[in-house]
Amino acid sequence: MKERTNHVSRAKQDLLIIFVFGILVFFILAQVDLDETLDKIYYTKYKIWSLVETAVLFSFFGFAFIIYSYRRIKETKYALLQRAQADGMVQQQLMRIRTLQSIDSKILSDVPMRDILKTVIENVPMELSGDVVAIGVPDYGMSFARLPSGDIIEEDILSVSEDMAEWFEKQKETIAVYDLAFEPRVKIFSERIQNLKLASYLGVPMVLRNRTIGVMHLLTRNSKDFAKEDIDFFTALAGQAAIAVERSGTIEALRESEEKYRTFIETANEGIWTLDASGKTNYVNSMMAQMLGYTEEEMVGRHIFDFMDKEARIEAEKNLERRKQGTIATYDFRFSRKDGTDLWTIVASNPIFDKLGQYNGALKMVTDITERKRAEELRIEKEQLEYASRAKSEFLANMSHELRTPLNSILGFSQLMNDGAAGELNEKQKHFIDNIIKGGTFLLNLINDILDLSKVEAGKIVLNVEKMPVPAVIDEAITLIKEKAMKHNINIKKEIDPELKFIDADKQRVKQILFNLLSNAVKFSKESGGTVIISVKKEGDMAEISVSDTGIGIKPESMGKLFQKFEQLERGISEKYGGTGLGLAICRQLAELHGGRIWAESKYGEGSTFTFTIPLEAKKE
Ligand SMILES: Nc1ncnc2c1ncn2[C@@H]1O[C@H](COP(=O)(O)OP(=O)(O)OP(=O)(O)O)[C@@H](O)[C@H]1O
Ligand SMILES: [Mg+2]
């Protein structure tokens, strides 16, 4: 508009100048010869002009031309200046667009929110802000400010009054203040900028989806009327910042959940394994790698077939085929560890399809069941062993019974002959019969022991549990051993808790345990004799019965073998002391059958104590 009026007035000026010169020329010519001039006008149409006339005319045109040229030059200069100004504007606009673009690209590359906010205020052009820019996003507790030095600080530098904040919040519009000195609503409290004497203020809300999430503040030292373009640009910046905040907030939340998800996968007790469409490993968690004895890096990129033997591979090929058809499945599978051992697993396998429905691989959750498998194998083995042992015991029990019958008659008749029922025997015959009886008795004892033991093991002994009078049973056991003890010069003592009158037990079997322990105590006494003490006391809900002697004792290294079948601790014991090493094994079985246990303590060369327990009250079933 302005430009056009300029042009019109210039044209008027030109016309005026030419008009003035025209009149001037006319008067010059007139002065030269008026009459002649008149003549010229009326009569001398073909008169040749005088030299002066011609000169004046040429001067006129020359002058007019000079003025015209001068005008043109001036005009060109003006146009150039205008262009330069327009260029400047374009440049400025371009720079602003660039600024917005660079913030945009920052938003898209997922840098943390604080960096984005910094970038935003860093990029507010100096010519716009001049002095101080600040940004505050209360939801994330973040405030930054850029000082005139260009330094960026992370702190609140100003506060706005509540109604101003409400204005930003509700109206979502800009507030511009020409002179802060008369504006109580804006308080600058940061010491770092108080001395700057800031004059004007522009506050722009950061609006996102109709919500104000923060405010950008611009402060200048010179009082300033903010131009509309400037306000528009600052508003655009604030909008950009709002988007950035939201996006990086989302990204941070995403990152957080991703992190959570990752730690979940990494610390899962299950192996997680993903394959690509060809069956190669895309990902394994550390648990999976650990199960197979590899590192995660060693596994990635390798085909799943590399982690199994040929036999398992045939199975795996079928499985992969099924996955391609989209079936989900859970199955037992045997992988091979790096060290060649088997890894038994339960695999839950899911196919993965891409957006187009194309098979894209599989996700496997793998649970190690090797231990379980081993335990199962062990259980089967144990069952088989138990079965074999039971069968053996049954066989022994039957056989012992078969042996006992004829042996009893051998012993019976030998005894009769020994007593002279078949007539007087001479010395030699007596000697022979004596040997038969000794050997036979030994054999019968052995058979009885074996029979007992195998009956217990075969589960054929049923306890006859009743109220058992403790002192009476102990006395009976002592009676059985008394004679033998006297022979060995052994004194038997008893220490019985008077409270303990009855226990629930099989009288016969308890007597058997006691007799075994007592006969050992007597048998393994020193030649000089000694003392055997039977003591009975209450220990919790158990009766604790022990037999201690002052005999030969047991070496510490032999203690472990005591209660095993046919175990005699030293060679030659059976020749010297007799016996077969079954007594303690039977004691243990009988004590355990009652729900108690048995153990020994001993000092080699000083004596031993054998203790067994029986529950005071039998469990009611
Ligand atoms: N009181 C004890 N003092 C020292 N050694 C003992 C004592 N009791 C048992 N032993 C050792 O433990 C072994 C096993 O005892 P166990 O009663 O089972 O067998 P045994 O007495 O030799 O034979 P059996 O009891 O079958 O006639 C004995 O041979 C002996 O070496
Ligand atoms: Mg014995």
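Structure first, text after, so check above.
These remarks concern the structure in this document. This structure is a prediction, so every number in the text was calculated from the model and none was measured. (Residues numbered from 1 in each chain as written. Chains lettered and ligands numbered in written order. Predicted model: local features only at pLDDT ≥ 70, side-chain atom pairs only at ≥ 80, totals over all residues.)

### Some words on the overall build of the chain
Along the backbone of the chain there are 17 helices and 20 strands. Seen through its C-alpha atoms, the chain measures out along the principal axes to roughly 215 × 65 × 45 Å. Going through the 621 residues of the chain one by one, you find that 24% of them count as buried. Relative to all contacts within the chain whose residues are 6 or more apart in sequence, the contacts with residues 24 or more apart total 61%. (Helix = DSSP H or I, 4+ residues; strand = E, 2+ residues; numbered from the N terminus. Buried ≥ 20, exposed ≤ 12 C-beta atoms within 10 Å, placed from the backbone. Contact = placed C-beta atoms within 7 Å.)

### Concerning the environment of Phe335
Mapped onto the elements of the fold, Phe335 is located in strand S11 (residues 329-336). In this structure Phe335 touches Leu292, Phe307, Met308, Leu343 and Thr345, once residues within four positions along its chain are discounted.

### Things to note about unusual backbone geometry
Residue Lys197 is not a glycine yet carries a positive backbone phi of 55°. Along the chain, Lys197 falls in the loop between helix H7 (191-194) and strand S7 (200-208). In this structure, Arg209 is a non-glycine residue whose phi angle is positive, near 45°. Topologically, Arg209 is positioned in the loop between S7 and strand S8 (211-220). Judged by the 8 C-beta atoms lying within 10 Å of it, Arg209 is exposed.

### A look at the site of ligand 1
Inspection of the region around ligand 1 gives 23 residues, with Asn520, Gln568, Leu569, Gly579 and Gly583 positioned closest. Those elements giving two or more residues to the shell around ligand 1 turn out to be helix H15 (507-523) and helix H17 (583-593). No other element matches the three residues that H17 contributes to the shell around ligand 1. Each residue belonging to the shell around ligand 1 can be placed in one class, and the counts come to 10 nonpolar, nine polar and four charged. (Near = placed C-beta within 6 Å. Nonpolar A, V, L, I, M, F, W, Y, C, P; charged D, E, K, R; others polar.)

### Some remarks on the sheet that holds strand S13 (residues 359-368)
Judged by pairing direction, the sheet is antiparallel, and its five strands sit side by side in the order S10-S9-S13-S12-S11 without closing on themselves. Strands at the two margins of the open sheet, each flanked by one partner only, are strand S10 (281-284) and S11. Ignoring strand direction, the axes of neighbouring strands in this sheet form an average angle of 30°. In this sheet, S13 lies alongside strand S12 (residues 342-353) in antiparallel orientation, the contact comprising nine bridges. Paired with Ser349 across the two strands is Lys364, which belongs to S13. Along the sheet, helix H11 (residues 310-324) makes contact with S11, S12 and S13, crossing S12 at roughly 20°. (Pairing = 2+ DSSP bridges. Axes fitted to C-alpha atoms, helices over the stretch in contact; angles between N-to-C directions.)

### Re the sheet that holds S7
The sheet built from six strands is open, its strands ordered S3-S2-S1-S8-S7-S5 with antiparallel pairing. Every other strand in the sheet has two partners, leaving strand S3 (152-153) and strand S5 (175-177) as the edge strands with one partner each. Where strand S1 (residues 132-137) and S8 come together, five bridges link them in antiparallel fashion. Across the sheet, the residue bridging to Val132 is Leu219, located in S8. Sheet strands touched by helix H8 (residues 228-267): S1, S7 and S8. Its angle to S7, the strand with the most contacts, is close to 40°.

### Digging into the nonpolar core
Burial of nonpolar side chains together is a common tendency in soluble globular proteins. By size, the foremost hydrophobic cluster in this structure holds 38 residues, and its most contacted members are Ile513, Leu517, Leu518 and Cys587. Looking at this core element by element, the count peaks at seven residues for H15. Each of domain 4 (375-456) and domain 5 (462-615) gives at least three residues to this core. With sequence-adjacent residues up to four places away left out, Ile513 is seen in contact with Cys587, Leu590, Ala591 and Phe612. Formed by 37 residues, the second largest nonpolar core is a distinct cluster that contains Leu117, Val133, Ala241 and Val245. (Core = buried A, V, L, I, M, F, W, Y, C linked by C-beta atoms within 7 Å. Domains from an automatic or database assignment.)

### What to know about H17
For H17, the buried fraction is high: nine of the 11 residues fall into the buried class. Gly583, Leu584, Ala585, Ile586, Cys587, Arg588, Gln589, Leu590 and Ala591 are the residues of H17 that are buried. Next to the buried residues of H17 lie helix H13 (427-457), H15, strand S19 (598-603) and strand S20 (607-615). Following H17 by one or two positions, Gly595 adopts a phi angle in the positive range, close to 95°.

### So, the pairing of strand S17 (residues 530-539)
Both strand S15 (residues 490-496) and S17 contribute to a ladder of seven bridges, which runs parallel. Paired with Ile490 across the bridge in S17 is Gly530. Relative to strand S18 (residues 542-549), S17 runs antiparallel, the two sharing eight bridges. Residue pairing in the sheet places Lys538 in a bridge with Ala543 of S18. Linkage of S17 to S18, two consecutive antiparallel strands, is achieved through a turn of two residues, within which Gly540 is found at a positive phi near 65°.

### Looking at the environment of Ile188
When you line up the elements, Ile188 lands in strand S6 (residues 186-188). Considered as a pair, Ile188 and Leu198 are 10 residues apart in the sequence and their alpha carbons are 9.1 Å apart. Setting aside its immediate chain neighbours within four residues, Ile188 contacts Ile157, Leu158, Ile193, Gln194 and Leu198.

### A few points about the packing of helix H14 (residues 470-487) against H15
At a closest axis distance of 9 Å, the pairing of H14 and H15 adopts a crossing angle of 30°. Here H14 is positioned roughly parallel relative to H15, judged by the angle of their axes. The handedness of the crossing between H14 and H15 comes out as right-handed. Mapping the contact onto sequence places Val473, Ile474, Glu476, Ala477, Leu480, Ile481, Lys484 and Ala485 in H14 and Lys507, Val510, Lys511, Leu514, Phe515, Leu518, Ser519 and Val522 in H15. Looking at the contact of H14 with H15 residue by residue, the class counts come to 11 nonpolar, one polar and four charged. (Parallel < 35°, antiparallel > 145°, perpendicular 65-115°, else oblique. Left-handed = near helix turned anticlockwise from the far one by under 90°.)

### Overview of the packing of helix H12 (residues 370-418) against H13
Where H12 contacts H13, the axes come no closer than 8 Å and their chain directions differ by 155°. The angle between H12 and H13 places the two elements in the roughly antiparallel class. Here H12 and H13 pass one another in a crossing that is left-handed. Of the residues in the contact of H12 with H13, the class split is 15 nonpolar, 10 polar and three charged.

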